[in-house]
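Listed here are the chains, written in short residue letters.
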Amino acid sequence: MNTRTSLAVILLALCFHGSLCFLPAGFAGFQRHACRSSSMRSAAARRVTIMSDKEDFLNRDIGGFTQKQRFREEIESPFRKIRLFLFPAAAASAALGAFIAGTRLLAISTGVTGYDFDQTLQNFGIDVLGATGFALLYWNDLNARDRDLVRIARSGKLSTLTLKIVSETGREASLPMKAFRKQRRIAIIAGGKDVVQVAREMARAGAEDLTKVGAIVLPLQLDQVGELDPAEVEGLRRAVGVPEAAEGKEEADSESLLPCLAAPLFVEKWKDWIQDEQKRAVDQGLDLKNGITIYVERSGYIKKRSAGIPSWRTLAEDTKARNRPYGLLLVA
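The following paragraphs examine the structure supplied in this document. Here the structure is a predicted model, which means the values were calculated and not measured.

About the thresholds
Residues numbered from 1 in each chain as written. Predicted model: local features only at pLDDT ≥ 70, side-chain atom pairs only at ≥ 80, totals over all residues. Heavy atoms only, no water. 1 Å grid on protein atoms, 1.4 Å probe; cavity = no way out; pocket = protein on both sides within 12 Å on 5 of 7 lines; lining within 4 Å. Points joined across faces, edges and corners; volume = space filled by probe spheres on them. Helix = DSSP H or I, 4+ residues; strand = E, 2+ residues; numbered from the N terminus. Salt bridge = Lys/Arg side-chain N within 4 Å of Asp/Glu carboxyl O. Buried < 20%, exposed > 50% of the residue type's maximum accessible area, 1.4 Å probe, protein only. Nonpolar A, V, L, I, M, F, W, Y, C, P; charged D, E, K, R; others polar.

**Some points on the layout of surface pockets**
The space that makes up the second largest pocket amounts to roughly 300 Å³. K68, R72, G156, S159 and R181 are the residues nearest the centre of the second largest pocket, which is lined by 11 residues in total. Of all elements in the fold, only α3 (67-76) and α5 (117-160) reach the threshold of two or more residues within the lining of the second largest pocket. At four residues, the largest contribution of residues to the lining of the second largest pocket is made by α5.

Below is the structure:
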């Protein structure tokens, strides 16, 4: 009986073992696939987490500026941090030397002997000049860094603003300003209603040349800006190269767009951004009634500002001189 029971157990074990031989093609393969899928999901989750942590780190506010903006400032001026360390150290060393020389001069004035008065006075003067000079260099570099950070922050805010444009393939699209980096140079022409209309006419008059060199005109109407009288409007048209045939068409094509003529979207955000430019223009004695032009280079930075509206020929030649023409603006 025990022998039969043992044989039955052995047979059952062999059958169970044989049935397992058929599992790897199905169950085991599914198990490996599940493991691989789980590993891929885990890797993707880790990448998302790392990217999120990196984005949080770059957008972390430090003294009113993000870490990303500070990194960009360091890239533009890689030796500034070294100077900002060396200048105070040199100024402190010179100030210490001036203090020692000053105490020696005080000792000489009280009758203490053992010091050369002329040499000590010379050392004192050199140390004072050195401390003052290095302090001024540090102050100048510090102000330059703050100006660069403000400029980079403004450029970053500008890159998020949106405009509407028609590509050279004829498709209309809404794109952020950062989409035009390394592709187009944008002239933001801000002013009253008349200035905006003349800017549109200027872009249409020189559409072929402006498109060829990669220039875009972006008219932006400002609030509380005086309007031009008819004689001033006609003079402005002639100055920017608008042919007489274009006069009187203010309303006909006021909303039409071209590859070289864009329109701002979410205008209030644009007006909020341009307030600082208005203040600078007023401080410089410029009349906003005649408009101001802000040039956004292909690098995304503002490198030039001017009063009034440029002619389309001037804008095309200046853009061609600054940057080589790029290809078509393709809109998916």
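Still more ground to cover, so stick around.
**What about the pattern of salt bridges?**
Scanning all chains against the criterion turns up 13 salt bridges. Between D148 and R151 there is a salt bridge, with the nearest N and O atoms lying 3.6 Å from each other. Of this pair, D148 and R151 are both found in helix α5, three residues apart, which corresponds to roughly one turn of the helix. Two residues, E201 and R237, come together in a salt bridge whose shortest N-O distance is 2.6 Å. On the criterion of sequence distance, the pair formed by E201 in helix α6 (residues 193-205) and R237 in helix α8 (residues 230-240) is long-range, its members being 36 residues apart. Taking the relative accessible area as the measure of exposure, E201 reaches 4% and is therefore buried. Residue classification places R237 among the buried positions, given a relative accessible area of 5%.

**Considering unusual backbone geometry**
Unusually for a residue other than glycine, K182 sits at a positive phi of about 65°. Here K182 shows up in the loop between β4 (172-176) and β5 (185-191). Unusually for a residue other than glycine, F266 sits at a positive phi of about 55°. Its location among the elements puts F266 in the loop between β7 (263-264) and α9 (267-283). A relative accessible area of 55% means that F266 is categorised as exposed.

**A short note on empty space enclosed by the protein**
If a probe the size of a water molecule is rolled over the atoms, the empty space left behind becomes visible. Under the counting rule described, the total for this entry stands at one cavity of 30 Å³ or more. There is about 90 Å³ of room inside the largest cavity. Taken together, 13 residues form the lining of the largest cavity, with M177, R181, V296, E297 and G300 sitting closest to its centre. A total of three residues in the lining of the largest cavity trace back to one element, the largest contributor, which is α5. Classifying every residue of the lining of the largest cavity gives five nonpolar, three polar and five charged.

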